[in-house]
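Residue-level structure breakdown
If you want the building blocks of each chain, they are given just below.
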Amino acid sequence: MSNRFQAPKGVPEYVPPESGEFLAVRQQLSRPAELAGYGYIELPVFEDTALFARGVGESTDVVSKEMYTFEDRGGRSLSLRPEGTAGVMRSVIEHNLHRGQLPVKVYYAGPFFRAERPQKGRYRQLQQVGVEAIGSDDPRIDAEVVALADQGFRACGLTQYELLMTSLGCATCRPGYRQLLTAFLAELDLDDATQERARLNPLRVLDDKRPDVQAQLGAAPLMVDHLCAECQEHYDRVRHYLGLMGVRWTEAPRLVRGLDYYTRTTFEFSHPLLGAQSGIGGGGRYDGLMESLGGPAMSGIGFGLGTDRTLLARESEELPPLAAPPVAAFVIAMGQAAEDLAVGVIDSLRAASVPTTTAFGSRGLKGAMKAADRSCARWAVIIGEDEVAAGTAQLKDLKTGEQTTVPVSGLISAITITQEGGN
Ligand code: HAM
């Protein structure tokens, strides 16, 4: 057995038939963005290490502890992408997309890589669907982006998640707040590592889950109480539009995200049935990011939705499958003449968008019927010598067991009418 390979630790795989659910979830999460005019962007899976260090932040766990970094044959330091936003900014700047119509609206889907300690819902290769809207400060784009995420989760059937939201202020009001918080934290009884964290990124201490730390944070100053007038107005407008769109949220003034670039509107979708890995998606504004990566001073907002965790959330809500089985019709041909006729039958069913397969090898009618059952097809199309002679086929509904004789020319309509009826 020792000569067998396994997938790398912490890397989930989606194999048939469950992979159909993976694809369906990814599609449902992306569809709202497509309907809102976001264009698809396909990015490299690895980039310059410095892009992530500068874009995501050197002090974040994602960059300092979790990147897969390697040197290529030319001695360049590259890293597997831990997230999508920095790469999108790089690409927008490189291709001058920001000189065209604004905001630039793009979406992406694919794998990201973080060397985290694997557990259920926390993977080293994780899948996200993300959007980024670059070049507008209009609070309506914030509301649009948040609503797209909400619509995606709802399209996946989820109802039990919560949207947590806050404003993290901007370059004008955050430094003053940060000073206040730092001064407050300096008075607390915290261990050395936490004091160090308070110095590097005081906001992150607010997120410390340990009860003895939380107990001391009750009176901590909050960013939302120290927003400048512009940020306050912006956040009020975002909430106004979200209200109009019927999106419900919970104020989360202590919300802390794991990436450094966030400003103003910041949010996370949390699913209570997922335990420790409850974040099914998150995002926010990143108004200084583009500039810090050598581009123009343009703002942006986006999100990343966890495809793996959405699947787990669907499981925890015990939702029915989103995807149809991969096969709808299973063709069984008995004898050479029937096999010849089946070639055209299979072809025309596929051309009519009926997913169709057939039994390969000669295993007899019983074996072939078993294969049809296993395929989860709704229909078995059986062609024998008699059917060839009569130009007919036996059409068996594998759900009801009902079997009828239909002319070969009527097969497609017999099958597609039932499909359209939603069965
Ligand atoms: P993030 O919060 O780091 O944000 O990741 C987004 C989502 O990806 C999380 O809410 C979670 O569902 C999923 N995720 C993250 N890490 C893992 C993991 N190890 N295993 C399974 N799922 C995971 C970002 O990545 C930002 N780029 C989002 C964004 C886009 N903000 C603005 N634009």
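Heads up: the structure comes first, above all this text.
As the structure is a prediction and not an experimental result, all values here were calculated from the model. (Residues numbered from 1 in each chain as written. Predicted model: local features only at pLDDT ≥ 70, side-chain atom pairs only at ≥ 80, totals over all residues. Heavy atoms only, no water.)

1. Observations regarding the overall build of the protein
Summing up its helical and strand segments, the protein has 16 helices and 16 strands in all. With respect to the three principal axes, the spread of C-alpha positions in the protein is 90 × 55 × 45 Å. Counting only residues that meet the buried cut, the protein has 48% of its 423 residues in that class. At a minimum sequence separation of 6, the contacts of the protein that also span at least 24 residues come to 71%. Surface exposure of the protein reaches about 21,000 Å², of which carbon and sulfur atoms provide 51%. When the 43 positive and 53 negative side-chain charges of the protein are each reduced to one mean point, those points stand 2 Å apart. (Helix = DSSP H or I, 4+ residues; strand = E, 2+ residues; numbered from the N terminus. Buried < 20%, exposed > 50% of the residue type's maximum accessible area, 1.4 Å probe, protein only. Contact = heavy atoms within 4.5 Å. Areas by Shrake-Rupley, 256 points an atom, 1.4 Å probe, with all protein chains shown as cover. Lys, Arg positive; Asp, Glu negative; His and termini not counted. Charge placed at Lys NZ, Arg CZ, Asp CG, Glu CD.)

2. Some words on the site of the ligand
Not every one of the 27 residues close to the ligand is listed here, only the nearest: Glu83, Glu116, Glu132, Tyr262 and Gly279. Within the side chain of Arg114, one N or O atom sits 2.9 Å away from an oxygen atom of the ligand. Side-chain polar atom of Arg309 to a nitrogen atom of the ligand: 3.4 Å apart, as the coordinates give it. In isolation the ligand exposes 660 Å². Once the protein is present, 96% of that is buried. Contributions of two or more residues to the shell around the ligand are made by strand E6 (125-134), strand E10 (279-285) and strand E11 (300-306). Sort the elements by how many residues they give to the shell around the ligand and E10 lands first, with six residues. Partitioning the shell around the ligand into residue classes produces nine nonpolar, eleven polar and seven charged. (Near = heavy atom within 4 Å. Polar contact = N/O pair within 3.5 Å; in protein donor to acceptor, adjacent residues only side chain to side chain. Nonpolar A, V, L, I, M, F, W, Y, C, P; charged D, E, K, R; others polar.)

3. Here's the deal with the sheet that holds strand E4 (residues 77-80)
Read across the sheet, three strands follow the order E2-E4-E3 without closing on themselves; strand pairing throughout is antiparallel. The open sheet has two edge strands, strand E2 (46-48) and strand E3 (69-71), and neither has a second partner. Adjacent strand axes in the sheet meet at a mean angle of 35° when their direction is disregarded. For E2 and E4, the ladder comprises three bridges, and the chain directions are antiparallel. Looking across to E4, one finds that Phe46 is bridged to Leu80. (Pairing = 2+ DSSP bridges. Axes fitted to C-alpha atoms, helices over the stretch in contact; angles between N-to-C directions.)

4. Focus on the nonpolar core
In this structure, Val56, Val88, Met89 and Ile134 are the most contacted members of the largest nonpolar core, which totals 48 residues. Broken down by secondary-structure element, the contributors of at least two residues to this core are helix H2 (49-56), helix H3 (61-64), helix H4 (85-94), strand E5 (104-113), E6, helix H6 (174-186), helix H8 (202-205) and helix H11 (289-292). The element contributing the most residues to this core is H4, with five residues. Excluding its chain neighbours within four sequence positions, the residues that come into contact with Met89 are Ile134, Tyr286, Leu289, Met290 and Leu293. (Core = buried A, V, L, I, M, F, W, Y, C linked by side-chain atoms within 4.5 Å.)

5. So, the sheet that holds E10
Strand order in the open sheet formed by eight strands is E1-E5-E6-E11-E10-E9-E7-E8, and the pairing between neighbours is mixed. Of all strands in the sheet, those bounded by a partner on one side alone are strand E1 (39-40) and strand E8 (250-251). Of the strand pairs in this sheet, E10 and E11 are connected by five bridges, and their pairing is antiparallel. Residue Gly284 lies in a different strand from E11, and its bridge partner there is Gly302.

6. With respect to unusual backbone geometry
The omega angle of the peptide bond from Pro16 to Pro17 is 5°, so this bond is cis rather than trans. In this fold, Pro17 is placed in the segment before helix H1 (19-35). The amide bond that connects Leu102 to the next residue, Pro103, takes the cis arrangement and shows omega of -5°. Mapped onto the fold, Pro103 is located in the loop between H4 and E5. The backbone phi angle of Asn96 is positive, close to 55°, even though this residue is not glycine. Along the chain, Asn96 turns up in the loop between H4 and E5. Unlike most non-glycine residues, Glu318 shows phi in positive territory, near 50°. By the element assignment, Glu318 lies in the loop between helix H12 (307-316) and strand E12 (329-333).

7. Remarks on the packing of aromatic side chains
Overall, the coordinates contain ten aromatic pairs when judged by the stated rule. Consider the rings of Tyr108 and Phe112, whose centres lie 6.1 Å apart with planes at 65°: the pair is edge-to-face. The class for Phe112 is buried, based on a relative accessible area of 1%. Ring geometry for Tyr261 against Tyr262: centres 4.8 Å apart, planes inclined by 65°, an arrangement best described as edge-to-face. The buried category is assigned to Tyr261, whose relative accessible area is 7%. Members of the aromatic cluster, joined through ring pairs, are Phe153, Tyr161, Phe267 and Phe269. Directly above the ring of Phe112 sits Arg81, whose terminal nitrogen or CZ lies 4.2 Å from the centroid. (Phe/Tyr/Trp six-rings, centres within 6.5 Å; stacked < 30°, edge-to-face > 60°. Lys NZ or Arg CZ within 6 Å of the ring centre and 35° of its normal.)

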